[in-house]
Amino acid sequence: MLKFDYKNTGVTPEVMAASHDKVMQAYNTLVNKSGAGNDFLGWLKWPTEYDKEEFDRVLKCAKKIREDSEVLVVIGIGGSYLGAKAVIEALKGYFPKEKELEVIFAGHTLSSTYTHQLLTYLKNKEFSINVISKSGTTTEPAVAFRLFKELLVQKYGEAEANKRIYATTDLVKGALRTQANELGYVTFNVPDDIGGRYSVFTGVGLLPIACAGIDIEALMEGARLAQVDCYEKPFVDNEAMKYAVVRNQMYNNEKTTEILVTYEPKLSFISEWWKQLFGESEGKDGKGLFPASLVYSTDLHSLGQYVQEGKRIMFETVINVVNPEEVAIIEKADSDLDGINYLAGTSLDFVNKKAMQGTILAHVDGGVPNGVINLEKIDALHIGYLLYFFMFSCGLSCYMLDINPFNQPGVESYKKNMFALLGKKGYEELKEELEKRL
């Protein structure tokens, strides 16, 4: 289903073999749950041990939402929306079908323009809300939920509005759980032992994904197959271990940036999800690779020059989709003014693949190592596999750097400053200090 080709990374088979003990130590730390952050490892065996009762409720609620709504507004930020957004973007067609439920995301931005225009758009739409927050007090989604809930109540009345709100939150505590219990929202659980960026296979991701009409059973089966492979395959055949080793070697060779490259635009939000996964997990204690992403061949005409000849701080990991979903054939033209008749009879995917191969060779010659993740195709099964592969590799990568993969202490810094500048009670001294610096 997925193979990682590292021949153009500069990591030789001998170096790979010499890394066996180090990656196996990280593997044992991860699967034995003996390292830092081990209380957030519920995702490790989730694909085989997930809550079947809640899964069935997800399917039933998704069916109801698709029947009574034109739009589902998903309110969340970070791991509360990126996983679902990534899967939906990857698996839906590029252009919407008629009478297809729209899944629109809010609460991930404080843009007044975006929010106002979405509120206006929804006034003449039948819509429901899925609000996702473990606490219910995170600023961005809390503000959005207040605004969109108000519109829902205006449109349907309070009793009917409460039936159109689906809360994914803590099982027993928090502001959103309290509100859900009081008003009778349908609820789904954010497991205590699964952090946001690892939560795509829980109700956090599954409800929006199912509402988009995606086969979540196939998605979970792909994750299950990846879990089996990551756990059971020996080092020489374990793609997640090999990817973690290559990342570690690049880091030790003073490559500071990993660029995830795709040649299929619909995978761009997989890259956004990947950036949060690795950025929040690995970027701490003054360590970690900086995760960036590009879509080729589009970005070859903007940042390609820098990648080819700029500062040699990066390496690329390319996602190659082996079999495209659709085939477009280039036909022969009577007049060859554009000079591409030599391509007549070939598929556009063939051209795309040759662009990929030519780019890899050029970038390697320019001092940018390239690894390739060969993904058989884009469907729910393979995307489920890919996401779990990245999660498992991330855990290995962090433990190889002696980093806790499951906390994010730096994220709190901006929140404290924002609360102070907004005038939240208890932050008066910090506000005075910050305003002097502005």
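Summarised in this report is the structure supplied together with it. Just so it is clear, the model here is predicted, and its values are computed rather than measured.

What counts and what doesn't
- Every chain is numbered independently, its residues counted from 1 as its sequence is written.
- Side-chain atom pairs in this predicted model are given and counted only at pLDDT of 80 or more, local residue features only at pLDDT of at least 70, and totals for whole chains, interfaces and linings cover all residues.
- Side-chain figures throughout are based on the complete set of non-hydrogen atoms in the structure, without hydrogens or water.
- A pocket, in this scheme, is an open set of points on a 1 Å grid over the protein atoms alone with protein on both sides within 12 Å along at least 5 of 7 lines, while a cavity is a set where a 1.4 Å probe fits but cannot get out; residues line either one if an atom lies within 4 Å of a point.
- Grid points are joined across faces, edges and corners, and a volume is the space filled by probe spheres set on the points.
- Each helix is a run of H or I in the DSSP string that is no shorter than four residues. Each strand is a run of E no shorter than two, and both are numbered from the N terminus.
- If DSSP finds at least two bridges between two strands, the strands pair.
- In this analysis an axis means a line fitted to C-alpha atoms, helices contributing only their contacting stretch, and an angle means the value between N-to-C directions, from 0 to 180 degrees.
- Salt bridges are identified by distance alone: a Lys or Arg side-chain nitrogen within 4 Å of an Asp or Glu carboxyl oxygen.
- Multiplying one less than the number of residues by 1.5 Å gives the expected span of a helix.
- For each residue, the accessible area found with a 1.4 Å probe, counting protein chains only, is set against the maximum for its type, and the residue is called buried under 20%, exposed over 50%, and partly exposed in between.
- The arc in question is the one traced by the directions running from the helix axis out to the C-beta atoms.
- Here, two residues are considered to be in contact whenever any of their heavy atoms come within 4.5 Å of each other.
- For Phe, Tyr and Trp, where Trp contributes only its six-membered ring, two rings pair if their centres lie within 6.5 Å, and the inter-plane angle classes them as stacked under 30 degrees, edge-to-face over 60, or tilted in between.
- Cysteine sulfur atoms that come within 2.5 Å of each other are treated as a disulfide pair.
- Residues are grouped as follows: nonpolar covers Ala, Val, Leu, Ile, Met, Phe, Trp, Tyr, Cys and Pro; charged covers Asp, Glu, Lys and Arg; every other residue, Gly included, is treated as polar.

**Some words on empty space enclosed by the protein**
Applying the stated criterion to the full structure yields 4 cavities of 30 Å³ or more. Of the pockets and cavities examined, the largest cavity occupies roughly 100 Å³. Around the largest cavity, the lining residues are Y263, E264, I319, N320, V321, P324, D349, N352, K353 and M356. The set of elements that each furnish at least two residues to the lining of the largest cavity consists of β9 (314-323) and α15 (348-365). Sorting elements by how many residues they give to the lining of the largest cavity places α15 first, with 4 residues.

**Regarding the sheet that holds strand β5 (residues 165-169)**
With parallel pairing, the 5 strands of this open sheet are ordered in space as β3-β2-β4-β5-β6. Here the strands that pair on one side only, and so sit at the sheet edges, are β3 (102-106) and β6 (186-189). In this sheet, adjacent strand axes meet at a mean angle of 20 degrees when their direction is disregarded. Of the strand pairs in this sheet, strand β4 (residues 127-132) and β5 are connected by 4 bridges, and their pairing is parallel. Paired with V131 across the strands is A167, a residue of β5.

**What to know about the pattern of salt bridges**
For the structure on display, the rule yields 24 salt bridges. Among the charged side chains, a network of salt bridges with common partners joins K64, D68, E126, E160 and R164.

**Comments concerning α15**
The terminal C-alpha atoms of α15, which comprises 18 residues, lie 26 Å apart, in line with the 26 Å expected from a rise of 1.5 Å per residue. For α15, the set of buried residues is K353, M356, T359, I360 and H363. Viewed end-on, α15 has its buried residues packed into an arc of 125 degrees, placing them on one side of the element. Of the surrounding elements, those touching the buried residues of α15 are β1 (2-8), α14 (304-309), β9 and β10 (370-377).

**Here we look at helix α7 (residues 139-156)**
The terminal C-alpha atoms of α7 lie 26 Å apart, and with 18 residues this matches the ideal 26 Å at 1.5 Å per residue to within 8%. Within the sequence span of α7, burial applies to T139, E140, P141, A144, F145, F148, K149, L151, L152 and Y156. Of the residues flanking the end of α7, it is G157, one or two places downstream, whose phi is positive at about 85 degrees.

**Re the packing of aromatic side chains**
Counting across every chain of the model gives 22 aromatic pairs. On the numbers, 6.2 Å between centres and 55 degrees between planes, the contact of Y27 with F392 is tilted. Taken together, the positions of Y27 in helix α2 (residues 20-31) and F392 in helix α16 (residues 380-400) put the pair 365 residues apart, joining distant regions of the chain. In terms of burial, Y27 and F392 fall into one category: buried. For the ring pair Y243 and F278, a centre distance of 6.3 Å and an interplane angle of 80 degrees mean the geometry is edge-to-face. Note that Y243 is positioned in helix α12 (residues 239-252) and F278 in helix α13 (residues 268-282), a separation of 35 residues in sequence. Of the two residues, Y243 and F278, both sit in the buried class.

**Looking at the state of the cysteines**
Here a disulfide denotes a covalent bond joining the sulfur atom of one cysteine to the sulfur atom of another. All told, the structure shown has 0 disulfides when counted by the stated rule. Here C230 stays free of any disulfide, with the sulfur of C394 as its closest cysteine sulfur at 12 Å. Of the residues examined, C230 reaches a relative accessible area of 4% and is grouped as buried. Between C394, a cysteine without a disulfide, and C398, which holds the nearest cysteine sulfur, the sulfur-to-sulfur distance is 4.3 Å. The exposure class of C394 is buried, given its relative accessible area of 0%.

**With respect to the environment of R247**
Position of R247 relative to the elements: it lies in helix α12. Between the C-alpha atoms of R247 and S397, which are 150 residues apart in sequence, the distance is 7.3 Å. When sequence neighbours within four positions are dropped, the list of residues in contact with R247 reads E258, F278, E282, L289, F315 and S397.

**Regarding unusual backbone geometry**
Residues apart from glycine generally show negative phi values, whereas peptide bonds are mostly found in trans. The peptide bond linking Y296 to S297 adopts the cis configuration, its omega dihedral lying at 5 degrees. Relative to the helices and strands, S297 resides in the loop between β8 (290-295) and α14. For E254, which is not a glycine, the phi torsion comes out positive at approximately 65 degrees. In this fold, E254 is placed in the loop between α12 and β7 (257-262).

**Points about the layout of surface pockets**
A volume near 950 Å³ is recorded for the largest pocket. I77, S80, T138, Q408 and K415 are the residues nearest the centre of the largest pocket, which is lined by 36 residues in total. Here the lining of the largest pocket gets 5 residues from one element, more than from any other, and that element is helix α17 (residues 411-422). Its boundaries defined by the atoms lining it, the second largest pocket holds a volume of some 520 Å³. Along the walls of the second largest pocket sit 19 residues, with I88, E89, K92, G93 and P96 positioned nearest its centre. Looking at the lining of the second largest pocket, the elements with two or more residues in it are α5 (82-91) and β3. For the lining of the second largest pocket, the residue count by class is 11 nonpolar, 1 polar and 7 charged.

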